[in-house]
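What follows is the residue order along each chain.
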Amino acid sequence: MARHGAARNTAARRTAPVETNSLFEEFYQKQQVVGEDSWDEFMTVLQKPMPVVVRLNRTKPHWQELQVSFAMDVRWSELPWFPGAWRCDAKDYDDSLRSQCSALNKSYALRFQEAASLVPPLLLEVKSTDLLLDLCAAPGSKTLECIELMREESDSLEGVVIANDADAERCFELLPLITRKDLTPQAKYCTVNELQ
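Residue numbering note: each chain is counted from 1, following its sequence as written. For a predicted model such as this one, the threshold for reporting local features is a pLDDT of at least 70, and the threshold for listing and counting side-chain atom pairs is 80 or more; totals across whole chains, interfaces and linings nevertheless cover every residue. By convention in this description, side-chain values take in all heavy atoms of the structure and omit both hydrogens and water.

Describing the overall build of the protein chain
Move 1: Along its length, the protein chain carries eight helices and six strands.
Move 2: The helix and strand labels rest on DSSP assignments: H or I over at least four residues marks a helix, E over at least two residues marks a strand, and numbering proceeds from the N terminus. Along its sequence from the N terminus, the protein chain presents helices and strands in the succession α-α-α-β-α-β-β-α-β-α-β-α-β-α.
Move 3: Type-normalised accessible area, obtained with a 1.4 Å probe on protein chains alone, sets the label of each residue: buried when under 20%, exposed when over 50%, and partly exposed for intermediate values. Taken over 196 residues, the protein chain has a buried fraction of 34%.
Move 4: By the convention used here, residues are in contact when the closest approach between their heavy atoms is within 4.5 Å. Residue pairs in contact within the protein chain that sit at least 24 positions apart in sequence constitute 72% of those at least 6 positions apart.
Move 5: Every accessible area reported is derived by Shrake-Rupley at a probe size of 1.4 Å, with residue values counting cover from the shown protein chains alone. Looking at the protein chain as shown, the accessible area adds up to about 12,300 Å², and 57% of this sits on carbon and sulfur atoms.

Section: the packing of aromatic side chains
Move 1: In summary, the pairing rule links any two rings of Phe, Tyr or Trp, Trp by its six-membered ring, whose centres are within 6.5 Å, and it sorts them by plane angle into stacked for under 30 degrees, edge-to-face for over 60 and tilted for everything else. Going through the model one piece at a time under the given rule, you end up with six aromatic pairs.
Move 2: Ring centres of Phe24 and Tyr28 lie 4.7 Å apart, and the angle between their planes is 50°; this geometry places the pair in the tilted category. Remark: Tyr28 and Phe24 occur in helix H2 (residues 22–31); sequence separation between them is four residues, near one turn of the helix.
Move 3: With a relative accessible area of 32%, Phe24 lands in the partly exposed category.

What to know about the sheet that holds strand E1 (residues 52–56)
Move 1: Two strands are said to pair when DSSP picks up at least two bridges between them. Within the open sheet, the four strands sit side by side as E2-E3-E1-E4. Their pairing is antiparallel. Of all strands in the sheet, those bounded by a partner on one side alone are strand E2 (76–78) and strand E4 (110–112). Across this sheet, the average inter-strand angle for adjacent strands is 30°, counted without regard to direction.
Move 2: The pairing of E1 with E4 spans three bridges and is antiparallel. Note on geometry: axes are lines fitted to C-alpha atoms, helical ones only across the stretch in contact, with angles between N-to-C directions running from 0 to 180 degrees.

Here we look at the UniProt feature "binding site: S-adenosyl-L-methionine" (unreviewed entry) in the protein chain
Move 1: Under the feature "binding site: S-adenosyl-L-methionine" (unreviewed entry), the UniProt entry names Cys136, Ala137, Ala138, Pro139, Gly140, Ser141, Lys142 and Asp165. These annotated residues cover 30 residues of sequence, but their C-alpha atoms sit close together, with the largest distance between any two at 12.9 Å.
Move 2: Along the polypeptide, Ala137 turns up in the loop between strand E5 (131–134) and helix H7 (141–153).
Move 3: Aside from chain neighbours lying at most four places away, what touches Ala137 is Thr143, Ala163, Asn164, Asp165 and Leu174.
Move 4: Looking at the element boundaries, Pro139 is found in the loop between E5 and H7. UniProt positions are given in the numbering used here, feature names are shortened, and annotations may be inferred rather than shown by experiment.

Okay, here's the thing in structure tokens:
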């Protein structure tokens, strides 16, 4: 039986994206989220594939080498408001790049994370002495981002992150990420070029 996240990702790859949905359109037209004159443009934007966004783990040794590797690859552009976060257009994210990023994710050199998901931990201005309670923690991207921000500020981590989720299955997915994070603090990054 596949893990929850693995099953979800496999299903997403097998099914083609839905380009139109009359119930969706009717619901949002009633909400009046955009003016009638902007509706077609709104729908066009929603139908475009989202870019792939990754966040480098800046608490690992040699993360700067990975940063340089991403900077040299023309498919990636750094998010100007988040050092170490990179985006790639969906059209440029081919099988080779997908394999490389997957390997980097497994070694916890980077984390896939939507750009909007990067914002809350930044707004919290996390400090190494904070006590954080995350009650909607799975799949763990923001939780791990908070831990990393705490570690970036100080080597002597005094703070605590309490992570929980209402969905037990999703919560169990979070546990290995956190324990792997603590068990391998000195693991070396490998660069995108080393994986080719």
